[in-house]
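# Descriptive analysis of the structure
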Amino acid sequence: MRIAVAKEIEVGERRVALIPETVARLVKKGLEVWVEKGAGDRSFFTDEAYEAAGAKVVDDSAAIWGEADILLKVGLPQEREDGRQEIDLLKEGAVLIAFLNPLGVPEIAQKLADKKVTAFAIELIPRSSRAQSMDALSSQASVAGYKSVLIAAAALPKYFPMLTTAAGTIAPAKVFIMGAGVAGLQAIATARRLGAVVEAFDIRPAVKEEVQSLGAKFVEVQLNEETVAAGGYAKEISADARARTQEVVAEHIKNSDVVITTAQVQGKKAPLLVTEEMVAQMKPGSVIVDLAAEQGGNCARTEPGKDVQWHGVTIIGTINLPSSMPVHASQMYSKNLATLVQYLVKDNAINLDFADDIIDSACITHGGEIRNQRVRDALTAASATVGN
Ligand code: NAD
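Summary of the structure given here. (Residues numbered from 1 in each chain as written. Predicted model: local features only at pLDDT ≥ 70, side-chain atom pairs only at ≥ 80, totals over all residues. Heavy atoms only, no water.)

### Focus: the overall build of the chain
We apply this condition: Only DSSP runs of H or I reaching four residues or more are called helices, and only runs of E reaching two or more are called strands; each is numbered from the N terminus. Only C-alpha atoms enter the radius of gyration, while the globule expectation follows 2.2 Å times N to the 0.38, with N the number of residues. Remark: exposure states derive from per-residue accessible area (1.4 Å probe, protein chains only) relative to the maximum for the residue type, with buried under 20%, exposed over 50%, and partly exposed in between. For accessible areas, the Shrake-Rupley method is used with a probe of radius 1.4 Å. Any residue's cover is judged against the shown protein chains and nothing else. Counted charges follow a simple rule, with Lys and Arg positive, Asp and Glu negative, and His plus the chain ends left uncounted. In this description, the location of a charge corresponds to atom NZ of lysine, CZ of arginine, CG of aspartate or CD of glutamate.
Regarding its fold elements, the chain presents 13 helices and 19 strands. Scaling as 2.2 N^0.38, a compact globule of 388 residues should have a C-alpha radius of gyration of about 21 Å, and the chain matches this with 22 Å. Expressed as lengths along the three principal axes of its C-alpha atoms, the size of the chain is roughly 65 × 55 × 40 Å. Taken across its 388 residues, the chain has 50% of its residues classed as buried. Looking at the chain as shown, the accessible area adds up to about 17400 Å², and 50% of this sits on carbon and sulfur atoms. Where the 41 positive side-chain charges of the chain centre and where its 49 negative ones centre are 4 Å apart.

Here it is in structure tokens:
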């Protein structure tokens, strides 16, 4: 069974799918691992380290893609410099595991099905305790949550902690975290460690205790509707609930030095939480970091990939923050992937037990079919839009 690690060719992607330490563990289990030459360069893992871990370093990307039984990658397959699609290099029956964004870019699933590739979208691993060690959404979101606070602290023209000095007393920064999922909770913990006073808000009432246990105040809004969907994800809320929420959070946003937004609704555009009026009410010098920038943004003035100045407020539309901390982001992703690989490989063969919810949920294509109903629906919706 040959596992191959492709070099990421997407501009700005610095992570690698497996790090040498994990390679050594897989090799010890009897798996053959090929790593594309230079795959770890941008995350500071050298070809020599992969070789020492027992991998074969291969200076031929077509061989990596074409001879893999299981191809591991971070982001979506790309078009290569020679104009060929990476997907087209995979052999029939190969397994591909990566962040495939099948609900956002469902066309990719069609291509993979046409190629008879068995594809696992790592973002569709269930968020259950059993699958926790394969949960790459969580591992990467926690990097993003941590880094968002450092970015905010660097952009804020103020201290985060309270200081009592001979030159006077400095008040601590006030930080408001909107959305207390994995990224939000890590942002709360990081902002607290830097000494800020932290408040947080989420439409899922269950997170209140977690927020409080991290030393932050939970901002409560009474919503008279169900806000949690299957799998523990947030639901899209009604216009009435949105208006109620905005009324309450407006005051907190106005009084904050830093607002970090992380709110997402799976498979949908990110909800708008911070309106233009709210930004305009903030003190000049305040900072907003929008972790949902790539999904449309939680703030009305967010521009993905840009720092915007508006009414004296800096709005930072972050993109792919995990890639900005590639050593630990890759380390955690590597552990997630290796756990999934070991889960799939039994007696040196791929064992696809679709009665298992982890495999059933994450495997989007197999045997020429798109297996996942939500992906099929997304594809139908996308073709309808193109047809219009
Ligand atoms: P996410 O990235 O989908 O969303 C981030 C947060 O935004 C969520 O907490 C969500 O409730 C919140 N949100 C959505 N709409 C909002 C709005 N209008 N206003 C304010 N907040 C809003 O979330 P995630 O971090 O991926 O977590 C999703 C779910 O998965 C959570 O229930 C989490 O507890 C659960 N989870 C479970 C496990 C596990 O059991 N192993 C691991 C990770 C996450």
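That shown, we press on.
### Looking at unusual backbone geometry
Residues other than glycine seldom take positive phi values, yet Asp-347 does so here, at roughly 50°. Residue placement: Asp-347 occurs in the loop between strand 16 (345–346) and strand 17 (349–350).

### Quick look at the site of the ligand
Here is the rule we go by: Being near a molecule or strand, for a residue, comes down to having at least one heavy atom within 4 Å of it. The definition of a polar contact used here is a pair of N or O atoms within 3.5 Å, where within protein one atom must be able to donate a hydrogen and the other to accept one, and adjacent residues in sequence count solely through side-chain atom pairs. We call Asp, Glu, Lys and Arg charged. Ala, Val, Leu, Ile, Met, Phe, Trp, Tyr, Cys and Pro are nonpolar, and the rest, Gly among them, are polar.
The local shell around the ligand holds 22 residues, among which Arg-127, Val-182, Asp-202, Arg-204 and Gly-232 are the closest. With respect to the ligand, the backbone of Gly-181 contributes an N or O atom lying 3.1 Å from an oxygen atom. Between the ligand and Arg-204, the relevant distance is 2.7 Å, taken from an oxygen atom to a side-chain nitrogen or oxygen of the residue. Relative to its unbound accessible area of 840 Å², the ligand is 84% covered by the protein chains. Looking at the shell around the ligand residue by residue, the class counts come to ten nonpolar, eight polar and four charged.

### Digging into the packing of helix 6 (residues 136–155) against helix 11 (residues 326–344)
Two numbers describe a pair of packed helices, the interaxial angle and the distance between the axes. Stated precisely, the cut-off is as follows: Here, axes are lines fitted to C-alpha atoms. For helices the fit covers the stretch in contact, and angles between N-to-C directions go from 0 to 180 degrees. Working rule for angles: under 35 degrees goes down as roughly parallel, over 145 as roughly antiparallel, 65 to 115 as roughly perpendicular, anything else as oblique. Note on definitions: a residue-residue contact is assigned when non-hydrogen atoms from the two residues lie within 4.5 Å.
The N-to-C vectors of helix 6 and helix 11 enclose an angle of 170°; their axes lie 9 Å apart at closest approach. Taken together, helix 6 and helix 11 sit at an angle that is classed as roughly antiparallel. Of the residues in helix 11, those touching helix 6 at Ala-136, Ser-139, Gln-140, Ser-142 and Val-143 are Ala-329, Met-332, Tyr-333 and Asn-336. Per-class residue counts for the contact of helix 6 with helix 11 are five nonpolar, four polar and no charged.

### Some details on the packing of helix 1 (residues 20–28) against helix 11
Stated precisely, the cut-off is as follows: Crossings are classed by handedness, with left-handed meaning an anticlockwise turn of the near helix from the far one by less than a right angle and right-handed meaning a clockwise turn.
Direction vectors running N to C along helix 1 and helix 11 enclose 15°, while the axes themselves pass 9 Å from each other. It follows that helix 1 is roughly parallel to helix 11 by the angle criterion. Judged by the twist between their axes, the crossing of helix 1 over helix 11 is right-handed. Contact residues: Thr-22, Arg-25 and Leu-26 in helix 1; Ser-334, Lys-335, Ala-338 and Gln-342 in helix 11. Grouping the constituent residues of the contact of helix 1 with helix 11 by class yields two nonpolar, three polar and two charged.

### Here we look at the nonpolar core
The following threshold applies: As used in this record, nonpolar core signifies buried Ala, Val, Leu, Ile, Met, Phe, Trp, Tyr and Cys residues forming a set joined through side-chain atoms within 4.5 Å.
Within the largest apolar cluster, 41 residues are counted, with the highest numbers of intra-cluster contacts made by Ile-70, Leu-72, Ile-97 and Ile-122. For this core, the secondary-structure elements that each account for two or more residues are strand 1 (2–5), helix 1, strand 2 (32–36), strand 4 (70–72), strand 5 (95–98), helix 11 and helix 12 (357–362). Of all the elements, helix 11 adds the most residues to this core, at six residues. With residues up to four places along the chain from it excluded, the contact list for Ile-70 reads Met-1, Arg-2, Ile-3, Ala-4, Val-95, Ile-97, Val-341, Val-345 and Ile-350. In terms of nonpolar packing, the next biggest core, distinct from the first, is built from 28 residues, Ile-64, Leu-71, Ala-119 and Val-375 among them.

### Comments concerning helix 1
Definition in use: Each direction from the helix axis to a C-beta atom contributes to the arc, which is the arc of those directions.
By the burial criterion, the buried members of helix 1 are Pro-20, Thr-22, Val-23 and Leu-26. Down the axis of helix 1, the buried side of the element spans an arc of 155°, and every buried residue falls inside it. Immediately beyond the C-terminal end of helix 1, within one or two residues, lies Gly-30, with a positive phi of roughly 95°.

Scope: geometric values only; no functional claims are made or implied.
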